[in-house]
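Analysis of the macromolecular model
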Amino acid sequence: MNTHLLIGTGPRKVIALHGWFGRAKGWGPLVDVLDTQSFSYAFMDCRGYGGMKGSGGPYTMAQIAQDALALADGLGWRRFSLIGHSMCGSAIQRVLVDAPARVEKLVAITPVPASGVPFDDAGWAFFSSAAKDAGARKGIIDLTTGNRLSSVWLDQMVAASLAGSDEDAFAAYLTAWAKTDFHAQIQGNPVPIKVIVGEHDPALGAAAMKDTYMQWYPNATLDVMANAGHYPMNETPVALATSIEKFLRG
């Protein structure tokens, strides 16, 4: 199985973990504007996604973290930084818990906190239906980008999501990212972490980060991307790459 995509040959090592609707090859235009001379990026597929379709579970944040560490071992990377989008904002923190000495820095993009995400009954039913319902997937992407982007783009995102993930994995990861709470294990951790959110993300925006990441990590900084929602890698890729690499170099 092809479990990851390697981009760059630079000395700074970075593992990137995708979101619920993503995959290793689903980071959009961001990959075209990265500094491949200074950095080596490994974009990993979570189980059930991309090159790991058909792999079977377990579909948990803990397993994603174990797989990321195994990928680092396979690449010979003793120390590395991590980027996590959306659900894998949680997973990169799980790596920090499991192997704190190996993690240099974290970049959390429109991330799920280590405490999970609360849902009311209606919201849970809507998000749960997205495993089987393409219309629900489109509605979620539209909602989380501020109901402001074209239907053509939304349809492309949905089609990529359906093609790039196993239905059972997609369904199981909802419970994994929404209902996994280990924030007591990361509270006070001194790791440098940059949290990047989009100004048009209604749920995982600046307010949610100030109540979670910014409370827990003493060396956290928050960057709000103008003109972006939940997918700044697609919406504002140049600004996102600039923010990420400035932090990782600093």
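Structure first, text after, so check above.
An account of the accompanying structure is given in this report. Here, residues in each chain are numbered from 1, in the same order as that chain's written sequence. Reporting in this predicted model follows two pLDDT cut-offs: at least 70 for local features of residues, and 80 or more for side-chain atom pairs to be given and counted; totals over whole chains, interfaces and linings ignore these cut-offs and use all residues. Side-chain calculation: all heavy atoms of the structure are included, whereas hydrogens and water are not.

1. Some words on the environment of G116
- Position of G116 relative to the elements: it lies in the loop between β5 (103–109) and α3 (121–129).
- For the pair G116 and Q63, spaced 53 residues apart in sequence, the C-alpha separation works out to 16 Å.
- In this structure, G116 is in contact with W177, A178 and T180, ignoring residues within four places of it in sequence. A helix here means a DSSP run of H or I that spans at least four residues, while a strand means a run of E at least two residues long, and both kinds are numbered starting from the N terminus. Working rule for contacts: check all heavy atoms of both residues, and any pair within 4.5 Å makes them a contact.

2. Brief notes about the pairing of strand β6 (residues 193–198)
- Accessibility here uses a 1.4 Å probe with only protein chains present; expressed as a share of the type maximum, an area under 20% marks a residue as buried, one over 50% as exposed, and anything in between as partly exposed. In terms of burial, β6 is a largely internal element, six of the six residues being buried.
- Taking every second residue as pointing to the same face, both faces of β6 are buried, with I193, V195 and V197 on one and K194, I196 and G198 on the other.
- With four bridges joining them, β5 and β6 adopt parallel strand pairing. Bridging from a neighbouring strand, V107 pairs with K194 of β6.
- One requirement defines pairing of two strands: DSSP has to find at least two bridges between them. Where β6 and strand β7 (residues 220–225) come together, six bridges link them in parallel fashion. The residue bridging V197 from the neighbouring strand is V224, located in β7.

3. Looking at the nonpolar core
- Core analysis: the largest hydrophobic core is formed by 84 residues, its most contacted members being L17, W20, I64, Y173 and W177.
- Those residues in contact with I64 that sit more than four places away from it in its chain are L17, M44, C46, M87, C88, A91 and Y173. Within this scheme, the nonpolar core is defined by two criteria: the residues are buried Ala, Val, Leu, Ile, Met, Phe, Trp, Tyr or Cys, and they are joined through side-chain atoms within 4.5 Å.

4. Notes on the packing of aromatic side chains
- To pair, rings of Phe, Tyr and Trp, with the six-membered ring standing in for Trp, must have centres within 6.5 Å; the planes then decide the type, stacked if under 30 degrees apart, edge-to-face if over 60, and tilted in the middle. Applying the stated criterion across every chain, the model contains 18 aromatic pairs.
- On the basis of an interplanar angle of 15° and a centroid distance of 4.1 Å, the ring pair of W20 and F170 is categorised as stacked. In this pair, W20 sits in the loop between β2 (12–17) and β3 (39–44) while F170 sits in helix α6 (residues 167–179), placing the two residues 150 residues apart along the sequence. For the pair W20 and F170, a shared accessibility class is recorded, and that class is buried.
- Plain terms: the ring middles of F119 and W177 are 5.9 Å apart, the flat faces sit at 55° to each other, and that makes the pair tilted. One end of the pair, F119, is in the loop between β5 and α3; the other, W177, is in helix α6, with 58 residues separating them in the sequence.
- On the basis of relative accessibility, which here comes to 6%, the residue W177 falls in the buried class.
- Taken together through their ring pairs, the aromatic side chains of W20, F21, F119, W124, F126, F127, F170 and W177 make up a single cluster.
- A ring is considered to have a charge above it if a Lys NZ or an Arg CZ atom is located within 6 Å of its centre and within 35 degrees of its normal. Lying across the ring of F182, R94 places its NZ or CZ 5.0 Å from the centre.
- Here K105 stacks its cationic end above the ring of F247, 4.9 Å away from the centre of that ring.

Read these as layout, nothing more, since geometry by itself doesn't imply function.
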